[in-house]
Amino acid sequence: MQFNRLSDLIAANQLQGKRVFIRADLNVPQDDNGHITEDTRIRASVPAIQQALQAGAAVMVTSHLGRPTEGEFKPEDSLAPVAARLSELLGVRVELKQNWLDGVDVAPGQVVLLENCRVNKGEKKNDDALAQKMAALCDIYVNDAFGTAHRAEATTHGIAKFAPVACAGPLLSAELDALGKALGQPARPLVAIVAGSKVSSKLTILKSLADKVDKLIVGGGIANTFMLASGLKIGKSLAEADLVEEARAIIDMMAKRGASVPIPTDVVCAKEFSPTAVATVKAVADVEDDDMILDIGPTTSALLAEQIKKAGTIVWNGPVGVFEFDQFGNGTKVLAQAIADSAGFSIAGGGDTLAAIAKYNIADKVGYISTGGGAFLEFLEGKTLPAVEILLQRAVK
């Protein structure tokens, strides 16, 4: 993918004395008192800001926070806690600017935070008049918010149309490079792990990947639906009977080109869904009518782990069992360890996947961990992300 990068502009000394507008993703969780409970996104946004400051730019940063009502600012919508945390991380005072659309006072070497951009009327609708007003504030627009790249909004898309220069920051660049490496020109075999409770929520991803991957490993409720499609009994397990034909079509589509959807040969069952449920390993043929399948079995896990270790590229979205309960976490743990041990390039994304990576302590052994939930999934679906598309259009040929 060809797009302008902040790093290239800096290397060409194009930021000195310029006004730079950075759209970051600072949408962090807070407790009832407004205290930030987890600051990963703020820390991830720091490199772009630091690089622009060191290059001699006057830096403006904005983000959304929560779901404010446009045109109605409330104290709980404020980025004030974010400004305080950014000040600590950067080691300089980051002033929070209210009502910033008509002009921002910031000098080269300074950074200011512009109040919650989703309070501005027209932000969500990608209003051109609003986007032009924001573009007039800067010489260079930097998108460093992959988490919102699947939304066409004034600060993610519109401003990029009208700013004199539009580029991707280090975080967005890294995401696009990693996704391009995994799906654009992957080292083979390409193995995808797609798991979750429902086929319906991931059907477009499964279909998109079925055209590209050599092995499509399914887990969770999705695997149960594929087991039904293969003529196996699943007891009272979570599945979507109305999507069995779709699952069968995906199996057939992949088989035609010599690829496969490995179906579990053994599973871990319980009679109830609870943290104290007794786990029983069974061959798939022995699943009883009152059984719930809550994980893949050890034989299946070992077989899939071998396939993962031999992969050239691995895309991981979703744990293969109810890993929150340890007795149903072995499948996810074994596959996570195989990803960690593989010499292939791996990319992982999605909230539950990140929780599994943290639980099994393999973050430093995954090639790239995506920061964008919805954007990551839409990229896997083969969709064009609006905020990326506009940067591709604005790239200097």
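Read on for a plain summary of the structure. (Residues numbered from 1 in each chain as written. Predicted model: local features only at pLDDT ≥ 70, side-chain atom pairs only at ≥ 80, totals over all residues. Heavy atoms only, no water.)

1. Some words on empty space enclosed by the protein
Vacant regions in the atomic arrangement are exposed by a probe of water-molecule size rolled over the atoms. Enumeration over the complete set of coordinates arrives at one cavity of 30 Å³ or more. Estimates place the volume of the largest cavity at around 70 Å³. With three residues, helix 2 (residues 40-54) is the largest single contributor of residues to the lining of the largest cavity. Residue composition of the lining of the largest cavity, by class: four nonpolar, three polar and three charged. (1 Å grid on protein atoms, 1.4 Å probe; cavity = no way out; pocket = protein on both sides within 12 Å on 5 of 7 lines; lining within 4 Å. Points joined across faces, edges and corners; volume = space filled by probe spheres on them. Helix = DSSP H or I, 4+ residues; strand = E, 2+ residues; numbered from the N terminus. Nonpolar A, V, L, I, M, F, W, Y, C, P; charged D, E, K, R; others polar.)

2. What about the layout of surface pockets?
When its volume is computed, the largest pocket comes out at roughly 510 Å³. Those elements giving two or more residues to the lining of the largest pocket turn out to be strand 7 (190-196), helix 8 (220-229), strand 11 (292-296) and helix 12 (351-359).

3. Regarding helix 2
With 15 residues, helix 2 should reach 21 Å at 1.5 Å per residue; the first-to-last C-alpha distance of 22 Å fits that figure. The principal kink in helix 2, of about 30°, is found at Val-46, preceding the proline Pro-47 by one to four residues. Regarding helix 2, the residues found buried are Ile-42, Ser-45, Val-46, Ala-48, Ile-49, Ala-52 and Leu-53. On its buried side, helix 2 packs onto helix 1 (6-11), strand 1 (19-23), strand 2 (58-62), helix 3 (80-90), strand 4 (111-114) and helix 6 (170-184). Phi for Gly-56, located one or two positions after helix 2, is positive at around 90°. (Expected span 1.5 Å × (residues − 1). Bend = angle between axes of the 7 residues up to and from the residue. Buried < 20%, exposed > 50% of the residue type's maximum accessible area, 1.4 Å probe, protein only. Contact = heavy atoms within 4.5 Å.)

4. A word on the sheet that holds strand 4
Reading across the sheet, the six strands line up as 3-4-2-1-5-6 and stay open at both edges, with parallel pairing between neighbours. Unpaired on one side and paired on the other, strand 3 (95-97) and strand 6 (165-168) mark the two borders of the sheet. Averaged over all pairs of adjacent strands, the angle between their axes in this sheet comes to 25°, without regard to strand direction. Note: strand 1 against strand 2, five bridges, orientation parallel. Bridging across to strand 2, Arg-23 finds its partner in Thr-62. Packed onto the sheet, helix 3 meets strand 3 and strand 4 and runs at close to 160° relative to strand 4. (Pairing = 2+ DSSP bridges. Axes fitted to C-alpha atoms, helices over the stretch in contact; angles between N-to-C directions.)

5. Observations concerning the sheet that holds strand 11
Spatial ordering of the open sheet is given by 10-9-11, a layout of three strands whose pairing is antiparallel. Each edge of the open sheet carries a strand with a single partner, namely strand 10 (280-283) and strand 11. This sheet shows a mean twist of 45° between the axes of neighbouring strands, independent of strand direction. Where strand 9 (residues 266-270) lies against strand 10, four bridges are found, and the strand directions are antiparallel. Within strand 10, the residue paired with Val-267 across the bridge is Lys-282. Packing against the sheet, helix 10 (residues 298-309) makes contact with strand 9, strand 10 and strand 11, and its axis sits at approximately 35° to strand 11.

6. Some thoughts on the pattern of salt bridges
Tallied over the entire structure, the rule returns 22 salt bridges. Asp-25 is paired through a salt bridge with Arg-41; the nearest N and O atoms lie 3.6 Å apart. Here Asp-25 is found in the loop between strand 1 and helix 2, whereas its partner Arg-41 is found in helix 2, with 16 residues between them in sequence. Note that Glu-95 is salt-bridged to Lys-97, the shortest N-O span being 3.7 Å. Assessed through its relative accessible area of 31%, Glu-95 is described here as partly exposed. In the salt-bridge network here, residues are joined through shared partners; they are Lys-271, Lys-282, Glu-288, Asp-290 and Asp-291. (Salt bridge = Lys/Arg side-chain N within 4 Å of Asp/Glu carboxyl O.)

7. Here's the deal with the environment of Gly-17
As for its placement among the helices and strands, Gly-17 is situated in the loop between helix 1 and strand 1. A relative accessible area of 46% places Gly-17 in the partly exposed class. Not counting chain neighbours up to four residues away, the residues in contact with Gly-17 comprise Gly-56 and Pro-108.

8. Quick look at the packing of aromatic side chains
Considering all chains together, one arrives at three aromatic pairs under this definition. Aromatic pair Phe-21 and Trp-100: ring centres 6.0 Å apart, planes at 50°, arrangement tilted. You can see Phe-21 sitting in strand 1 and its partner Trp-100 sitting in the loop between strand 3 and strand 4, a full 79 residues away along the chain. Comparing Phe-21 with Trp-100, the two get one shared label, buried. An angle of 55° between the planes, with centres 5.3 Å apart, marks the rings of Phe-273 and Phe-325 as tilted. In this pair, Phe-273 is assigned in the loop between strand 9 and strand 10 and Phe-325 in the loop between strand 12 (313-317) and helix 11 (330-341), connecting sequence segments 52 residues apart. Residue Phe-325 is classed as buried on the basis of its relative accessible area, which comes to 15%. (Phe/Tyr/Trp six-rings, centres within 6.5 Å; stacked < 30°, edge-to-face > 60°.)

9. Some remarks on the pairing of strand 5 (residues 140-143)
Burial along strand 5 is two-sided: the face carrying Ile-140 and Val-142 and the face carrying Tyr-141 and Asn-143 are both buried. Here four bridges tie strand 1 to strand 5, and the two strands are oriented parallel to one another. Opposite Ile-22, over in strand 5, you have Val-142 as the bridge partner. The sheet contact formed by strand 5 and strand 6 spans four bridges and is parallel. Of the residues in strand 6, the one forming a bridge with Val-142 is Cys-167.

10. With respect to the pairing of strand 11
Across the five residues of strand 11, five count as buried, placing the element largely inside the fold. The sheet contact formed by strand 9 and strand 11 spans four bridges and is antiparallel. Along strand 11, the bridge assignment pairs Val-267 with Ile-296.

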